[in-house]
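# Structural description and commentary
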Amino acid sequence: MLLLLVSCCLIAAFPTSATDINFDDFDIIDGVIIEYLGEGGDVVVPSIDADGNPVTHIDSRAFRQNTDVTSVIICEGIETMGSEVFEHCENLSEVSLPYSLTETGYSVFRNCNLYSLVIPGNLKVINSDFNVGGPITDIVISPGVEELNTNCLYGRFTELILPE
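A short tour of the structure in this document, coming up. (Residues numbered from 1 in each chain as written. Predicted model: local features only at pLDDT ≥ 70, side-chain atom pairs only at ≥ 80, totals over all residues. Heavy atoms only, no water.)

Before going further, it helps to examine the sheet that holds strand β4 (residues 57-58). Spatially, five strands are ordered β1-β2-β4-β6-β8 in an open sheet, and the strand pairing comes out mixed. Looking at which strands have only one partner, the edges of the open sheet turn out to be β1 (26-29) and β8 (103-104). Pairing analysis gives two bridges linking strand β6 (residues 80-81) to β8, with the strands arranged parallel. Of the residues in β8, the one forming a bridge with Met-81 is Thr-104. (Pairing = 2+ DSSP bridges. Helix = DSSP H or I, 4+ residues; strand = E, 2+ residues; numbered from the N terminus.)

What follows is about the sheet that holds strand β10 (residues 116-119). Strand order in the open sheet formed by three strands is β10-β13-β15, with parallel pairing between adjacent strands. The two strands at the open ends of the sheet, each matched to only one other strand, are β10 and β15 (159-161). For this sheet, the mean inter-axis angle between neighbouring strands, taken without regard to orientation, is 5°. Two strands pair when backbone bridges link them, and strand β13 (residues 138-141) and β15 are joined in this way by three bridges, in the parallel orientation. Paired with Val-140 across the bridge in β15 is Ile-161. (Axes fitted to C-alpha atoms, helices over the stretch in contact; angles between N-to-C directions.)

Below is the structure:
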């Protein structure tokens, strides 16, 4: 029963079809999200384009300085993110990273206001300035992460959970 409840909650948190995503909110070229063009608020980042083709990368600075974005769910299938993707998104407080994420650039979350962050295990290396500042209280590093670079988790947090 508990497993069913958890499954339903997870399904409710993610888009169930392409109709749940506003593709006009994104400039997507050849499987790369170049820029977010939407109005902000709660954003779902797709892993397919309007034609159903795979999207696997979020380009550097795609959301940079967008103060209207408050939360982001990045769909499974996104594998890489460039540098400074969410830099200076000062009202961004929640991010859900996909397990499919394997690589990011630097300063991905600089000057955001994240409250907590779960780093997926497929992200083997956490680059410098991955998360900077904000009222973040806890960071969970999933099993599979192999390398933490200097100042990768710079900021004040009360709990850091590391895999064994």
